[in-house]
Amino acid sequence: MDIKTILVPFVGDLHTSAGLSTAVAVARLMGARLIGLHCPAETALPWYVAAPAAIPPVPDPPVPGRPSAEAEQSFIARCSAACLTCDWIADHGFLPERLAFHSRYADLIVAGRADGDPKGKGGLSPRALGQLVLGASAPLLVVPPGPEETFRPQRVLVAWNERREAGRALHGALPFLRHAKETILLSVHPPGYDDAPDRRALAYLEAHRIHADSRINFAAEFEAPGAILAQARTVEADLLVMGAYGHARVFEQALGGATHHVLESADRPVLMVH
């Protein structure tokens, strides 16, 4: 799969977007077009509302009077300065739902995580990001809050297990892995588990001309998110790749949510796929 269309939301500050610098860097790396989506600020929905069921088949018209034109001009100017082609969508509704809807026509979503600062660049809350990754048709690249460093995925850590979500994340990460200088396949197993690396996953990557080193951490399942984030810091990964919500949604909620823990705590970009 190639990344040729990238969707990026404008949440609070209409002159910029949390994650926009990263989206621009990815677009330049992949030769992709950017699509800016302006929606009103998100309104929290209950965690048990399934995003796909709530997405209407046709987008509603934008709310009159919204200062979308100013945001559009700023977005186009930013893309022009980076020599990128772009499109603009003015929409309204619950932002994760609208992003999920428009992701049907995109190869990647890039969204910043909110930092709680009312004067910041906006961004989505971890809960909204979790709802988005459940309903999205494209992989989601989550950018942590704070100053955005130039995104260069030279060292990529892939959190691996044999679940469907991990496989989809690995497939979605291939465009990034082709540009990386180093790929690390990390498996986290409970103590006493067989310590042999997953040769099939390594062979799959080799078939795509991607050589990966294999690492195994031993930790209880509830410790796995912390172990993954710690390993990402240890190897100084530029990008973390992982599947989202490998358990049933209610089960994850009862456990506190491994995916939600990473969404709340990751200090580097994370590529997630459900």
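If you're wondering where the values come from, they're calculated on a predicted model, not measured in any experiment.

Asks: Can you tell me about the overall build of the chain, naming the residues and giving the values?
Replies: The number of helices and strands found in the chain is ten helices and ten strands. Looking at the chain as a whole, 50% of its 274 residues qualify as buried. Working note: accessible area of the chain is about 12700 Å², and carbon and sulfur atoms make up 53% of it.

Asks: For the pairing of strand β5 (residues 140–143), give the residues involved together with the corresponding values.
Replies: Here β5 shows a buried face lined by Leu-140 and Val-142 and a second buried face lined by Leu-141 and Val-143. Judged from the three bridges that link them, β5 and strand β10 (residues 270–273) form a sheet pairing that is antiparallel. Counted as the bridge partner of Val-142 is Val-270 from β10.

Asks: Summarise the packing of helix α8 (residues 224–234) against helix α10 (residues 258–265); cite the residues concerned and give the values.
Replies: Two numbers describe how α8 lies on α10: the axes approach to 9 Å, and their chain directions differ by 35 degrees. The way α8 lies across α10 gives a crossing that is right-handed. Residues Pro-225, Gly-226 and Leu-229 of α8 pack against Ala-258, His-261, Val-262 and Ser-265 of α10. A class-by-class count of the residues in the contact of α8 with α10 yields four nonpolar, three polar and no charged.

Asks: Residue-level account of the packing of aromatic side chains, with values.
Replies: Under the counting rule described, the total for this entry stands at five aromatic pairs. Residues Phe-10 and Phe-75 carry aromatic rings whose centres are separated by 5.5 Å and whose planes lie at 90 degrees to one another, so their mutual orientation is edge-to-face. Linking Phe-10 in strand β1 (residues 5–10) with Phe-75 in helix α3 (residues 68–81), this pair joins segments that are 65 residues apart in sequence. Both residues of the pair, Phe-10 and Phe-75, count as buried. Geometrically, the ring pair formed by Phe-75 and Trp-88 is tilted, given 5.5 Å between the ring centres and 45 degrees between the ring planes. Within this pair, whereas Phe-75 is found in helix α3, its partner Trp-88 is found in strand β3 (residues 86–90), the two being separated by 13 residues in sequence. A residue is classified by how much of its surface remains accessible, and Phe-75, at 1% relative accessible area, is buried. Look at Trp-88 and you get buried, because its relative accessible area is 15%. Clustering of aromatic rings is evident, with ring pairs tying together Phe-10, Phe-75 and Trp-88. Positioned over the ring face of Phe-101 is Arg-98, at 4.9 Å from the centre of the ring.

Rules used throughout
- Residue numbers restart at each chain and count upward from 1, following the sequence in its written direction.
- Owing to the predicted nature of the model, reporting of local features is limited to residues with pLDDT of at least 70; listing and counting of side-chain atom pairs is limited to 80 or more, with chain, interface and lining totals taken over all residues.
- As a rule here, side-chain values cover all heavy atoms of the structure and leave hydrogens and water aside.
- Each helix corresponds to a stretch of at least 4 residues labelled H or I by DSSP, and each strand to a stretch of at least 2 residues labelled E; elements are numbered beginning at the N terminus.
- Whether a residue is buried, partly exposed or exposed follows from its accessible area with a 1.4 Å probe, protein chains only, as a fraction of its type maximum: under 20%, in between, or over 50%, in that order.
- Throughout, the Shrake-Rupley method with a 1.4 Å probe supplies accessible areas, and for residues the shown protein chains are the sole cover considered.
- At least two bridges found by DSSP between two strands is the condition for calling them paired.
- Only the stretch in contact is used when a helix axis is fitted, and all axes are lines through C-alpha atoms; the angle between N-to-C directions ranges over 0 to 180 degrees.
- The crossing is said to be left-handed when, going from far helix to near helix, the turn is anticlockwise and less than a right angle, and right-handed when the turn is clockwise.
- Should any heavy atoms of two residues lie within 4.5 Å, those residues are counted as being in contact.
- For this scheme, ten residues count as nonpolar: Ala, Val, Leu, Ile, Met, Phe, Trp, Tyr, Cys and Pro. Four count as charged, namely Asp, Glu, Lys and Arg, and the remainder, Gly too, count as polar.
- Two rings belonging to Phe, Tyr or Trp (six-membered ring only in the last case) form a pair when the distance between their centres is within 6.5 Å. Interplanar angles under 30 degrees mark stacking, angles over 60 mark edge-to-face geometry, and anything in between is tilted.
- Geometrically, a lysine NZ or arginine CZ counts as sitting over a ring once it is within 6 Å of the ring centre and also within 35 degrees of the ring normal.

Nothing here speaks to function; it is geometry throughout.
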